[in-house]
Every structure is written in C-alpha cells, then in structure tokens.
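Descriptive analysis of the structure
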Protein chains: 2
Amino acid sequence: MAENTALDADVAARLKRDADGLVAAIVQQHDTGEVLMLGWMDDEALHRTLTTGRVTFWSRSRQEYWRKGDTSGHAQFVKSVALDCDGDALLVRADQVGAACHTGTRTCFEAGGDLDAAVGERPAGGAA
Amino acid sequence: MAENTALDADVAARLKRDADGLVAAIVQQHDTGEVLMLGWMDDEALHRTLTTGRVTFWSRSRQEYWRKGDTSGHAQFVKSVALDCDGDALLVRADQVGAACHTGTRTCFEAGGDLDAAVGERPAGGAA
C-alpha cells in the first residue's frame with residue numbers, strides 16, 4: 001500500500017478502511033446493471049480509479065496495484081463511483097470489456113455459482 | 001460470531017473469510033438491478049439467509065446478528081444467493097421493502113454520494 005497518495009483529502013476523510021487499509025469496491029456494468037465482481041481499493045487505487053477512467057484495485061493476493069485489463073485485456077472503463085453511507089464500500093459503475101472474472105465468465109458470481117437459497121416473499125398487502 | 005452453525009459443509013468449505021470470519025455480501029434489488037448495500041455475513045448469518053427467506057447479516061458495529069427489517073420494517077426477502085469465484089463475496093438478490101439504508105435513502109450509495117469520477121471510454125473498434 002502506498003504511503004503517499006494524491007486522493008482528495010475530503011474523500012479520504014470519509015473512508016472507513018479495514019485493518020489492511022482497504023475498502024470494498026463493487027463493480028457493476030453501468031448499462032445492464034449486472035454485478036460483475038467485488039475488489040478492494042486502498043486510497044491510491046481509489047485515486048487512480050477516480051482520475052484515470054480505468055478501474056484500479058489493490059490485489060490482496062499479489063500485494064500490488066492491479067489496473068483491471070492490463071494483463072487480460074478485460075478493462076473496466078469508469079462511468080461513476082459512489083461511496084456508501086458509512087464509508088466502507090464503493091459502487092463503481094463501469095463498462096466491462098469481455099469477462100470480468102479471471103475464470104472467463106462474465107461475472108465472478110457465475111463462476112462461484114448459485115447457493116440454492118430458499119426464496120422469501122413479502123407479505124401480501126405489505127408496505128412497498 | 002457463533003461457534004457452531006448448521007451451514008452446509010460444502011458451502012462452508014468454499015468460503016474465504018476475513019480475519020473476523022466474515023465475507024462481504026452485496027445486496028441487489030432482484031428486479032431493477034439496483035445495488036442497495038454491502039453487509040457482512042459469518043457462516044451462521046449465511047445459513048440463516050439461505051434457509052429462512054430473509055437476509056441476515058453479522059453487524060460488525062453491534063457484534064450481533066441483524067435480520068434486516070426487524071427494527072426498521074425494511075426487510076429484504078431473498079430471491080437468490082451466489083458465491084464468487086474466490087469465495088470472499090456473496091451476491092444476494094432480494095426484494096427490498098422500502099429504504100435499504102438506515103439514513104432513509106433507497107440505497108446506501110445515494111446516502112454516501114457520488115465521488116465525481118473522471119469518465120473512461122473504451123477505444124472505438126475495440127473488443128466487446
């Protein structure tokens with residue numbers, strides 16, 4: 001993780017980082033709404049994501065910055081980034097080239113697969 | 001966090017938990033595709049989510065199980081749950097009653113707000 005970063009101080013002040021200095025970043029295809037993957041960002045990865053038009057993560061397994069697509073060609077072009085109410089999660093809307101998942105599937109959740117949950121239904125006549 | 005849980009052993013074996021025994025759970029409105037919030041689940045919270053039809057988290061701030069909506073009325077009825085390729089994130093598709101966010105907004109990302117990212121564009125003629 002970088003010791004120094006040019007991340008905007010007002011944004012940095014709003015982040016609630018985990019013990020490793022990271023926040024979770026959900027990546028969603030901007031036009032279809034597909035949830036593609038979850039990655040992790042430190043302050044510098046967020047700075048790069050906010051300023052370069054390309055989604056950049058901190059790779060926990062490789063311990064290095066990871067600009068999505070540099071190896072695979074499967075880049076993510078940034079459309080918007082929003083922070084959540086308590087500062088520990090980001091929603092990145094992006095245009096995903098090809099497969100988001102390193103396994104070759106469009107999303108990482110196809111790769112992992114469905115867990116066969118019991119379905120719940122809101123009570124009839126309940127609040128919207 | 002519970003010492004014992006009835007979570008299916010095959011599912012449990014696929015989870016890659018953080019130092020606190022948790023995986024990230026993205027909640028998405030099943031029909032509109034809105035990303036509503038990010039919460040955290042331990043094995044028992046996931047078990048309850050998979051078997052009861054109601055989304056249940058582990059609250060890191062309160063250190064207790066949190067069945068969404070029990071206090072607020074803003075329940076999440078489960079439609080499906082998928083695990084990602086490396087086992088550290090869940091995508092929960094649900095039917096959200098009312099506001100997902102404790103601030104009263106529909107999603108937690110409206111509450112936190114847009115970070116004014118520079119927009120990126122895929123090169124013309126590039127791969128889909």
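We now turn to the structure provided with this report. From a predicted model like this one, the values you see are computed outputs, not experimental measurements.

**Brief notes about the pairing of strand β6 (residues 89–96) of chain B**
Residues and elements named next belong to chain B. Counting buried positions along β6 gives seven out of eight residues, so the element sits mostly inside the fold. With six bridges connecting them, strand β1 (residues 23–29) and β6 associate as parallel partners. Looking at the pairing, I26 lines up with L91 of β6. Where strand β5 (residues 76–83) and β6 come together, seven bridges link them in antiparallel fashion. Note that in β6 the partner of V78 across the bridge is A94.

**Regarding the packing of aromatic side chains**
Here the structure, examined in full by the defined rule, presents five aromatic pairs over all chains. Directly above the aromatic system of Y65 of chain A lies the positively charged group of R48 of chain A, at a separation of 4.3 Å from the ring centroid. In this arrangement the basic side chain of R54 of chain B is found over the ring face of F77 of chain B, its NZ or CZ atom lying 5.7 Å from the centre.

**Observations regarding the state of the cysteines**
Residues and elements named next belong to chain A. In this structure the tally under the stated criterion is zero disulfides over all chains. No disulfide involves C108; its sulfur sits 3.7 Å from the nearest other cysteine sulfur, which is in C101. Assessed through its relative accessible area of 7%, C108 is described here as buried.

**As for the side chain of D42 of chain A**
Residues and elements named next belong to chain A. Relative to the elements of secondary structure, D42 occurs in the loop between β2 (35–41) and α2 (43–52). At a separation of 3.2 Å, a polar atom in the side chain of D42 contacts the main-chain amide nitrogen of E44. Within the local environment of D42, its side chain forms a polar contact with the side chain of Y65, the two groups lying 2.7 Å apart.

What counts and what doesn't
- Residues numbered from 1 in each chain as written.
- Chains lettered and ligands numbered in written order.
- Predicted model: local features only at pLDDT ≥ 70, side-chain atom pairs only at ≥ 80, totals over all residues.
- Heavy atoms only, no water.
- Buried < 20%, exposed > 50% of the residue type's maximum accessible area, 1.4 Å probe, protein only.
- Helix = DSSP H or I, 4+ residues; strand = E, 2+ residues; numbered from the N terminus.
- Pairing = 2+ DSSP bridges.
- Phe/Tyr/Trp six-rings, centres within 6.5 Å; stacked < 30°, edge-to-face > 60°.
- Lys NZ or Arg CZ within 6 Å of the ring centre and 35° of its normal.
- Disulfide = S-S within 2.5 Å.
- Polar contact = N/O pair within 3.5 Å; in protein donor to acceptor, adjacent residues only side chain to side chain.

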